[in-house]
Amino acid sequence: MTITKILIANRGEIACRVIRTARKMGIATVAVYSDADSRAPHVLMADEAVHIGPSPAAQSYLIAEKIIQACKDTGADAVHPGYGFLSERTSFAEALKDAGIAFIGPPPGAIAAMGDKIESKKLALEAGVNVVPGFVGEIDDTDHAVRIANDIGYPVMMKASAGGGGKGMRLAYSEQDVREGFEATKREGLASFGDDRVFIEKFIESPRHIEIQVLGDQHGNIVYLNERECSIQRRHQKVVEEAPSPFVTPKMRKAMGEQAVALARAVGYYSAGTVELIVSGADTTGEGFYFLEMNTRLQVEHPVTEQITGLDLVEQMIRVANGEKLAFTQDDVKINGWSVENRVYAEDPYRGFLPSTGRLVRYNPPELVEGVRVDDGVTEGGEVSMFYDPMIAKLITYAPTRLEAIDKQIEALDGFEIEGPGHNIDFLSAIMQHERFRSGNITTGFIAEEYPDGFHGAPASPKLLRKLAAIGAFAGMAQADRARRIDGQLGLKLRPPTGWQVKVGAGDSGVLHDVTIALDEVTVDGEPLEMSLEYTPGDRIVEAEFDGEPLAVRIAPVRGGFKLTAHGASHVVRVLPSHVAPLAQHMIEKIPPDLSRYLICPMPGLLVSLNVAAGDKVEAGQPLAVIEAMKMENILRAQKSGTVKSLSAKAGDSLAVDAIILEME
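Counting restarts for each chain, with residues numbered from 1 along the sequence as it is written. Predicted model: local features are reported for residues with pLDDT of at least 70 only, side-chain atom pairs are reported and counted for 80 or more only, and whole-chain, interface and lining totals are derived from all residues. Just so you know, side-chain values use all the structure's heavy atoms and leave hydrogens and water out.

## Topic: the overall build of the protein chain
So, point 1. Secondary structure counts use DSSP, requiring at least four H or I residues in a row for a helix and at least two E residues in a row for a strand, with both numbered from the N terminus. Broken down by element type, the protein chain carries 16 helices and 40 strands.
So, point 2. Two things to know: the radius of gyration comes from C-alpha atoms, and the globule rule equals 2.2 Å times the number of residues to the power 0.38. Taken over the C-alpha trace, the protein chain has a radius of gyration of 27 Å; the compact-globule value for 665 residues is 26 Å, and the two agree within 12%.
So, point 3. With the C-alpha coordinates of the protein chain rotated into their principal frame, the extents come out at 85 × 65 × 55 Å.
So, point 4. Any pair of residues with heavy atoms lying within 4.5 Å of one another is described as a contacting pair. A separation of at least 24 residues holds for 64% of the contacts in the protein chain among residues at least 6 apart in sequence.
So, point 5. As displayed, the protein chain offers around 29,400 Å² of accessible surface, 51% of which is attributable to carbon and sulfur atoms.
So, point 6. Charged residues are defined here as Lys and Arg on the positive side and Asp and Glu on the negative side; His and the ends of the chain fall outside this count. In plain terms, the charge of a residue is placed at NZ if it is Lys, CZ if Arg, CG if Asp and CD if Glu. Counting 68 positive and 92 negative side-chain charges, the protein chain places the centres of these two groups 2 Å from one another. Here the open area of atoms and residues is found with the Shrake-Rupley method and a 1.4 Å probe, where only the protein chains shown may cover a residue.

## Let's talk about the pairing of strand 31 (residues 561-566)
So, point 1. Strand 31 sits mainly inside the fold: 5 of its 6 residues count as buried.
So, point 2. Here strand 30 (residues 549-558) pairs with strand 31 via 5 bridges, running antiparallel. By the bridge assignment, V558 is partnered in strand 31 with G561.
So, point 3. For two strands to be treated as a pair, DSSP must find no fewer than two bridges joining them. From the end of strand 30 to the start of strand 31, which pair antiparallel, there are 2 residues, and G560 there has a positive phi angle of about 80°.
So, point 4. Hairpin connection from strand 31 to strand 32 (residues 569-577): 2 residues lie between these consecutive antiparallel strands, with H567 at a positive phi of about 50°. Partly exposed describes any residue whose relative accessible area lies between the buried limit of under 20% and the exposed limit of over 50%, with all areas from a 1.4 Å probe on protein chains only and scaled to the type maximum.

## Regarding the nonpolar core
So, point 1. As used in this record, nonpolar core signifies buried Ala, Val, Leu, Ile, Met, Phe, Trp, Tyr and Cys residues forming a set joined through side-chain atoms within 4.5 Å. Counting 38 residues, the largest nonpolar core has I232, Y363, I392, I431, M432 and F437 as its most contacted members.
So, point 2. Contributions of two or more residues to this core are made by strand 12 (237-243), strand 15 (338-345), strand 20 (372-376), strand 22 (391-399), helix 12 (402-414), helix 13 (425-433) and helix 15 (446-450).
So, point 3. At 6 residues, helix 13 tops the list of elements feeding residues into this core.
So, point 4. Discounting chain neighbours no more than four positions away, the residues touching I232 are Q237, K238, V239, V240, I431, F437, I442, F446 and I447.
So, point 5. Of all hydrophobic cores here, the second largest spans 33 residues; its members include V18, A22, V320 and L326.

## Some details on the sheet that holds strand 14 (residues 289-295)
So, point 1. The strand order across the open sheet formed by 8 strands is 14-13-10-11-12-15-22-20, and the pairing between neighbours is antiparallel. The two strands at the open ends of the sheet, each matched to only one other strand, are strand 14 and strand 20. Sheet twist, expressed as the average angle between the axes of neighbouring strands with direction ignored, equals 25°.
So, point 2. Bridge analysis of strand 12 against strand 15 gives 4 bridges, and the strand direction is antiparallel. Of the residues in strand 15, the one forming a bridge with V240 is N342. Where helices are involved, their axes are fitted lines through C-alpha atoms of the stretch in contact, as for all axes, and angles between N-to-C directions lie from 0 to 180°.

## A word on the packing of helix 5 (residues 108-115) against helix 6 (residues 117-126)
So, point 1. The N-to-C vectors of helix 5 and helix 6 enclose an angle of 100°; their axes lie 5 Å apart at closest approach. The pairing of helix 5 with helix 6 is recorded here as roughly perpendicular in orientation. Contacts between helix 5 and helix 6 involve A113, M114 and G115 from the former and K117, E119, S120 and L123 from the latter.
So, point 2. The residue inventory of the contact of helix 5 with helix 6, partitioned by class, reads 3 nonpolar, 2 polar and 2 charged. Oblique is the label for any angle not under 35 degrees, not over 145, and not in the 65 to 115 range, which are roughly parallel, roughly antiparallel and roughly perpendicular in turn. Residues were grouped as follows: Ala, Val, Leu, Ile, Met, Phe, Trp, Tyr, Cys and Pro as nonpolar; Asp, Glu, Lys and Arg as charged; and all remaining residues, including Gly, as polar.

## A few points about the environment of R574
So, point 1. Its location among the elements puts R574 in strand 32.
So, point 2. Taking the C-alpha atoms as reference points, R574 and D196, 378 residues apart in sequence, are found 55 Å from one another.
So, point 3. In protein, a polar contact means a hydrogen-donor-capable atom and an acceptor-capable atom, both N or O and within 3.5 Å, with residues adjacent in sequence counting only if both atoms are side-chain atoms; elsewhere, any N or O pair within 3.5 Å suffices. At 3.1 Å, the side chain of R574 forms a polar contact with the side chain of Q501.

## Some points on the pattern of salt bridges
So, point 1. Counted as salt bridges are all cases of a side-chain nitrogen of Lys or Arg within 4 Å of a carboxyl oxygen of Asp or Glu. Counted according to the given criterion, the structure contains 48 salt bridges.
So, point 2. Among the salt bridges present, the one from E301 reaches K238, with a minimum N-O distance of 2.8 Å. Here E301, found in the loop between strand 14 and helix 10 (302-309), pairs with K238, found in strand 12; they are 63 residues apart in sequence, far enough to count as distant. In this pair, the class of E301 matches that of K238, namely buried.
So, point 3. Each of R17, R20, K24, E306, D312, E315, R319, E324, R373 and D375 takes part in a single network of salt bridges with overlapping partners.

## Regarding the packing of aromatic side chains
So, point 1. Any Phe, Tyr or Trp ring, taking Trp's six-membered ring, that has another such ring centre within 6.5 Å forms a pair; planes under 30 degrees apart are called stacked, those over 60 apart edge-to-face, and the others tilted. Scanning the model with the defined rule gives 11 aromatic pairs in all.
So, point 2. With a centroid separation of 5.7 Å and 80° between ring planes, the pair formed by Y61 and Y388 is classed as edge-to-face. Here Y61, found in the loop between strand 3 (48-53) and helix 3 (64-74), pairs with Y388, found in the loop between strand 21 (383-384) and strand 22; they are 327 residues apart in sequence, far enough to count as distant.
So, point 3. Each residue in the set Y350, F353, F427, Y451 and F455 is aromatic and connected to the rest through ring pairs, giving one cluster.
So, point 4. Here R402 stacks its cationic end above the ring of F437, 4.8 Å away from the centre of that ring. Working rule: Lys NZ or Arg CZ, within 6 Å of ring centre, within 35 degrees of ring normal, means a charge sits over the ring.

Rendered as structure tokens:
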């Protein structure tokens, strides 16, 4: 057959991504959409669009019958499932086959074999693939789980058999952890995937998460397209990916790739797929890698593989579904340069990475210069919905070397403008600047180890603070110059001052700088600084150059100065003329109210349970309530000991962010 029209059974970034390739190949496209996505970019990009139901995915994107009916109504002869939703559902692939519609993905048998984590491990063993020690049978109850964990040896990982995307996973370091977490893991598996089976395996310490991209055709040809390093994760959700891995040697790459191909061959695999491996970072022999699972679909992080191989993986998937042979062999697959991908999420790293939803009041991705790629499916004025994944965009950079690709990320992140929902741009920039990340000495515990107390902004060097002080003074002078030009003022129009005192940071930790701006010279604390920039009051980004090095700084006015954001942190900058600055010490400082006696809902969500009543005495660390958001249960604990004075919410309530749940005496 020849595919002439593709329906994309997905939304957002990946739907737009598939449409771009289909358009390049001259193939017509059909988008499907729920109520929440009626004006989404993927709907506007496609040649046709079909409404398939209400906003919740379970009533729209997850209903196979609606997708198949949309194919029949529009004459679409193929479906690309993207990732998530129906992409790894065997029954969907079989239903398409029965309807005579091509599935742009692997055969149903391969999806079934690899979709069950328990069965896939048995198959991997038979195919000669290394697997992690663990229990791959069905577990009867909590006591049985404890016995298994004790036999394997702690730490162990409990995982929902049908899990994915970081959901339905619990790490246990002791018997108590197993007893507390086993039932919760079952519940999350049932809620997210309709399957409450759980398996337990040994947790590899100092682990790295490395995956092998495989690609096969319907004629028995299978190749591996090198590896991706995906060790930078938070709560088992990938945050940063890169290709190749700084850890993998050519010998490891060959061994991993050949095992991945053997597994794919064992299940008759074709199309694009990924074999995920957990690798012991402590094992320098290159043999300490173990099979985790196989994702029988396109991965979110596929662009980094595309950048270093020069292949369009979506195009390859379409060609394979069309019955074409791969046009290249394993020997043709090379590694050219280095690519890094950051996932820009709607979450607030300054508030424990809580999910953030709402309208994108401003969305302005960085300029697409050479080596910078943005894959997104949102637009300014659109909404980050509570119904779907909170990813806003993927920022991909490419350069000849790893450090160059990382530095391009820092520069591009500085130029990324997002207003409305919280976002993790500062956090991503902080990772890119972190010396441990830059060294390549990373594990899946990187974020937990390097940010144990949460994220509070990337540390700024004295050199950067001097640059920000100069920008703050220049912006202050520009505002003063505009103010003096307002018509109707009494007296002389005084020129703006050239001497400024700039305080970078709030309170006692703020650093004072004396800045002078003359026509031909800028000095900070008496030292000259070569600076060039343009700024007009109202600009949101200042594009500056210092000693020939570019620096993009997001700028927003605040009382008494500006908030300047660059290189992974926001800095409140107080800007005063030199003759006014000495008077600042007489200003009364406003002290924020004490909210420590309230339990406040940290995110929009459902109050699943409230474990205390008015008058109850509680201890620090005691679980008080459970909030469900994005299908994840979050336990809220007491920050200090005390007595519950009153309750402001009850189980079953839908709460907004910052809603008061209870008050302590």
